[in-house]
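Architecture at a glance
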Amino acid sequence: MTDKEINRNLASLNESFQSHRYLSAFDTIEKLLKGKDLHQLSTRLEQVKSTYNYMLHYLLLGYPDEGRGKLLEATEQQLREIFDEAIRLLKMRDSNGYYYSTLRTIGVQKESLADLIKEYSNILSEMTILEAGGEDVNTLRQRKEQVMVRLFNTLFTSIRADKEYAELTRYIHSGYADVNIAIQSICALTLGLLTYYDKSKFIALLDIYEQNESYVYMARALMGIILTMIAHSDRIKADKKIMARLSLWKDSTTHYNHIKQAIRAIISTRETERANLKFKEEIMPEIMKMRPEVSDMLKNSNPKDIESSLVENNPEWEEILEKSNLTRKMEELSEMHSDGADLMMVTFSTLKQFPFFNTASNWFLPFDSSHTELNIDSTIGRFIDILAETGQMVCASDLYSLAFAMKHMPEAQRTMITAQLSQQFDQMNEDIKSSLPQSNKPEFDAEIVRAVRDLYRFFCLFRNTEGFINPFALPLQFTQFPVVGEMMAEDDMLRLFSELYFKRGYYREALPLFLSIEAYDKQDATIYEKIGFCYQSLKQYPQALEAYEKASLLHQPGPWLVKRLAWVNRKLGNYAEAARYYAMALDQDSENLSLIISTAAMCVETDDIASGLMHYYHAHYIDPENLTVLRGVAWAELLNKNFEKSGNLYDRIILTDPQPGDWLNAGHVALLQGKYEEAFKRYKRYAEGRKEEFSLSMQEIMPTLITLGADEENIQLIIDAILQNWSSL
């Protein structure tokens, strides 16, 4: 079954529930199951329909039924579950997605979560005893790692295993579970929910978050809850029991602060995406362009000079950096880092090609230098362990990347590094601790950042995410989240997050937050200005104008708002209003070239040619070589019937840097001067490769040309000759 077919069926199902057409929903699922050899689901569907039919029968007989609401809620939930299970089983037959290939393997192994938890617990106990006696536990460690992968995959692909999830949460709460299995279990629940919604898995995450004292487990579980809300908000809202449970969070400042940090961390992933693009598309090309010049300098430099230049300001190096704009771009990258961008993602994204990362569970595995797949020198292991301890924001998957990279180095290079680390280990330890940025975040806040970064890396870099719902690719409309939306709808939170989005240029996300603020605060002109700018950036110009006008009614418009009003009116074709606002802007900044040009253009658009020419010549006085100004003067002089001056200006433009439109307008001037052969040549030059555009442009400008004195029949003959590729005799 294709994704297109699935989405079509899902849309039909959603529409049926929204309009309370339950029989239509039954019909959609019956058609889906027909001929698919899914007998258990067909039987279950018949049972649900039978119960629904009895309810409908009693309704028509007029019997009171206090439980009707609960039955309808249960019917919708059961139908959605049957639909999900049908899609899951159908895709398992032929999909190559990671989830479905794992599901096929699990179906063969038929292992229960309870058995895997017991096996893992026994291995931990045995390892503890052997380690206490100084014996080798490498074989047991390998078994432990394998059991952990099997447990992750079983939990990840299971669905509605209520009793087993309850057993798992009890194990995590008991204190016998180590951090590895706890984090793996929480992440498996999260990934499972980001494939198919499972009420029981969601409840398991709620249990872990609400009932655990470990900030690590709480943060990981809450991140899973929030991401599930992004992916399945409607499913959660439809469940009254879960909504009632979530409602208990409203009175808790702890929950409030935790959710605020979780949402901030998710928002920060957008900065990571921008930082990654900036590094790849702007910084790396600049570095590559600098390479020859740097190489030449290194060849011609004394080694001692190079060494001193690394610790002192070297004018030659500074000059290279200044010329390349690299310093400014690195400063911008640093600013993104300050705003929450994860620069480690940029650094380590190319080191996720090792086979280790083909297994989904390994992306969420706490770093362990003794992992059997690493098999690295103990000195290198100690070095990376220090990074893990001191660099609080370094993801475990990045540490594994570093370890694998060092493991695969040429032996001579690896031996040299190991020797250097051994000699300088203590000093290096202190240097790392003092030089790495230390997080002053509370433990929960730091862990919530690590949790979102682990998941963000997985969705961006994992080789096969087919079938997963990527929450980072969906709009973060947190005000629409069940219960959480109400908690975050307070003025302070709305202003905090709207400004975060607005500052970073995410206007689509900022707009609904500003609109929420505007709903209860209609006296804040700044909010209307920002709403207007969001609409303008999204090219919704009528709404932008409305917001800007509301802002102008609340306070005397400053230069910024006046320019925005002028620009949007111009975009909407309100040239008289645009001219008025540009004139106001000019009163405040009379020598601003851009404003003068815009004012001139609006005067011309409103047929005030004399004023337009006055402003254009003012602009020409300020910048005589500006081609935009010359084009404006040339066009205004044409409309003013000063064809000779207009023609001279277009000749000058054509000799300098002609654009396609210059040939067209120069043709108009020649036509109006009666120079038909010259007009033909210029029109022909413009029409090369754009004949349809030429024809439309000529039809549009023809009334103006006729008004200025051109003969319509002559124009039509020239158009026909050009469209038919006529050549002069």
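Nothing here was measured: the structure is a model prediction, and the numbers come from that model. Numbers given to residues run from 1 along each chain, matching the order in which its sequence is written. A pLDDT threshold of at least 70 governs which residues receive local features in this predicted model, and a stricter bar of 80 or more applies before side-chain atom pairs are shown or counted, although totals over entire chains, interfaces and linings include all residues. Computation of side-chain values: all heavy atoms of the structure, hydrogens and water removed.

The next subject is the overall build of the protein. To qualify as a helix, a DSSP run of H or I must reach at least 4 residues; to qualify as a strand, a run of E must reach at least 2; elements of each kind are numbered from the N terminus. For the protein, the count of helices and strands is 37 helices and zero strands. Throughout, exposure labels follow a simple rule: accessible area from a 1.4 Å probe, protein chains only, divided by the maximum for the residue type, with under 20% read as buried, over 50% as exposed, and the rest as partly exposed. Expressed as a percentage of its 729 residues, the buried residues of the protein come to 49%. Between two residues, a contact is recorded if the distance between any of their heavy atoms is within 4.5 Å. Taking as baseline every contact in the protein between residues at least 6 positions apart, the subset at least 24 positions apart corresponds to 67%. Using the Shrake-Rupley algorithm and a 1.4 Å probe, accessible areas are obtained, with residue cover drawn only from the displayed protein chains. Counting only carbon and sulfur atoms, one obtains 50% of the accessible surface of the protein, whose full area is about 36900 Å².

Bringing the packing of aromatic side chains into the picture now. Pairing of aromatic rings covers Phe, Tyr and Trp, the last through its six-membered ring, and needs centres within 6.5 Å; plane angles under 30 degrees mean stacked, over 60 mean edge-to-face, and all others mean tilted. Taken as a whole and judged by the stated rule, the model has 44 aromatic pairs. Taking the centre distance of 6.5 Å and the plane angle of 70 degrees together, the rings of Phe 357 and Phe 404 count as edge-to-face. Highlighted residues: Phe 357 in the loop between α17 (343-348) and α18 (378-390) and Phe 404 in helix α19 (residues 396-407), separated in sequence by 47 residues. Comparing Phe 357 with Phe 404, the two get one shared label, buried. In this scheme, Lys NZ or Arg CZ marks a charge over a ring once it lies within 6 Å of the ring centre and within 35 degrees of the ring normal. Taking the ring centre of Tyr 506 as reference, the NZ or CZ of Arg 270 above it sits at 4.2 Å. Above the face of the Tyr 581 ring, Arg 580 is positioned so that its terminal group lies 4.5 Å from the ring centre.

Here the focus is the packing of helix α24 (residues 491-503) against helix α25 (residues 507-520). Helix axes are fitted to C-alpha atoms over the stretch in contact, other axes to C-alpha atoms as well, and angles between N-to-C directions run from 0 to 180 degrees. Where α24 meets α25, the axes come as close as 8 Å, and the angle between the chain directions of the two elements is 150 degrees. Relative to α25, the element α24 is oriented roughly antiparallel. Relative to α25, α24 is oriented so that their crossing is left-handed. When α24 is examined against α25, the residues Asp 491, Leu 494, Arg 495, Phe 497, Ser 498, Glu 499, Tyr 501 and Phe 502 are found in contact with a partner set consisting of Tyr 507, Glu 509, Ala 510, Leu 513, Phe 514, Ser 516, Ile 517 and Tyr 520. Considering only residue class, the contact of α24 with α25 consists of 10 nonpolar, two polar and four charged. Roughly parallel covers angles under 35 degrees, roughly antiparallel covers those over 145, roughly perpendicular covers 65 to 115, and oblique covers all other angles. Note on convention: near helix rotated counterclockwise from far helix by under a right angle means a left-handed crossing. Clockwise means right-handed. Here the term charged refers only to Asp, Glu, Lys and Arg, the term nonpolar to Ala, Val, Leu, Ile, Met, Phe, Trp, Tyr, Cys and Pro, and the term polar to all other amino acids, Gly among them.

In what follows, salt bridge is the name for a side-chain nitrogen of Lys or Arg lying within 4 Å of a carboxyl oxygen of Asp or Glu. If you walk through the whole model with that rule in mind, you get 35 salt bridges. Of the charged contacts, one joins Arg 245 and Asp 207 as a salt bridge, the two residues approaching to 2.6 Å between their closest N and O atoms. Taken together, the residues Arg 245 in helix α12 (residues 240-247) and Asp 207 in helix α10 (residues 199-211) connect sequence positions 38 residues apart. Looking at Asp 207, the relative accessible area reads 16%, which means it is buried. Taking the shortest distance from any N to any O, the salt bridge between Lys 530 and Glu 499 comes out at 2.6 Å. On the criterion of sequence distance, the pair formed by Lys 530 in helix α26 (residues 525-537) and Glu 499 in helix α24 is long-range, its members being 31 residues apart.

One less than the number of residues in a helix, times 1.5 Å, gives the span that helix is expected to have. Here helix α28 (residues 559-571) contains 13 residues, and its C-alpha end-to-end distance of 18 Å stays within 8% of the 18 Å for a straight helix at 1.5 Å per residue. Those residues of α28 that fall on the buried side of the exposure criterion are Leu 561, Val 562, Arg 564, Leu 565, Ala 566, Val 568 and Asn 569. Taken together, the buried residues of α28 touch α26, α27 (541-554) and α29 (575-588). Positive phi shows up at Gly 573, right after α28, with a value of about 85 degrees.

In this section: a nonpolar patch on the surface. For patch detection, residues must exceed 30% relative accessible area and be free of salt bridges, and they are connected within 9 Å for like charges or within 5 Å for nonpolar side chains (Val, Leu, Ile, Met, Phe, Trp, Tyr). There is a patch of nonpolar side chains on the surface, built from Tyr 54, Tyr 58, Leu 61 and Tyr 63 and spanning about 460 Å² of accessible area. Examined against the element boundaries, Tyr 54 turns out to sit in helix α3 (residues 39-61).

What follows concerns unusual backbone geometry. You will see that Arg 160, though not glycine, has its phi angle at about 55 degrees, which is positive. Within the secondary structure, Arg 160 is located in the loop between α7 (138-157) and α8 (162-174).

Nonpolar cores were defined as sets of buried Ala, Val, Leu, Ile, Met, Phe, Trp, Tyr and Cys residues, with membership established by side-chain atoms within 4.5 Å. Trp 249, Met 488 and Tyr 683 are the most contacted members of the largest nonpolar core, which totals 216 residues. Tallying contributions element by element places helix α11 (residues 215-237) first for this core, with 13 residues.

Now for the confidence of the model for the protein. Per-residue confidence for the protein gives a mean pLDDT of 87; residues scoring 70 or more make up 88%. The quantity called pLDDT is the predictor's confidence in a given residue, expressed from 0 to 100. Under a pLDDT of 50 for its full length, residues 306-313 has, in the predicted model, five contacts with residues more than four places off or in other chains. Contacts for the low-pLDDT stretch residues 435-439, under 50 throughout, to residues beyond four places or in other chains number nine contacts.

Bringing the environment of Asp 84 into the picture now. Mapped onto the elements of the fold, Asp 84 is located in helix α4 (residues 68-94). Classification of Asp 84 by relative accessible area gives buried; the value is 9%. Asp 84 has contacts with Tyr 196, Tyr 197 and Arg 235, leaving out every residue within four places of it along the chain.

In this section: the packing of α4 against helix α5 (residues 98-109). Across the interface, α4 lies against α5 with an axial gap of 9 Å and an inter-helix angle of 85 degrees. Classified by the angle their axes make, α4 and α5 are roughly perpendicular. Residues Arg 88, Lys 91, Met 92, Arg 93 and Asp 94 of α4 pack against Tyr 99, Tyr 100, Leu 103 and Arg 104 of α5. When its residues are assigned to classes, the contact of α4 with α5 shows four nonpolar, no polar and five charged.

What follows is about the side chain of Gln 536. Inspection of the secondary structure assignment puts Gln 536 in helix α26. In contact with Gln 536, not counting residues within four places along its chain, are Tyr 541, Ala 544, Tyr 548, Arg 564, Trp 567 and Val 568.

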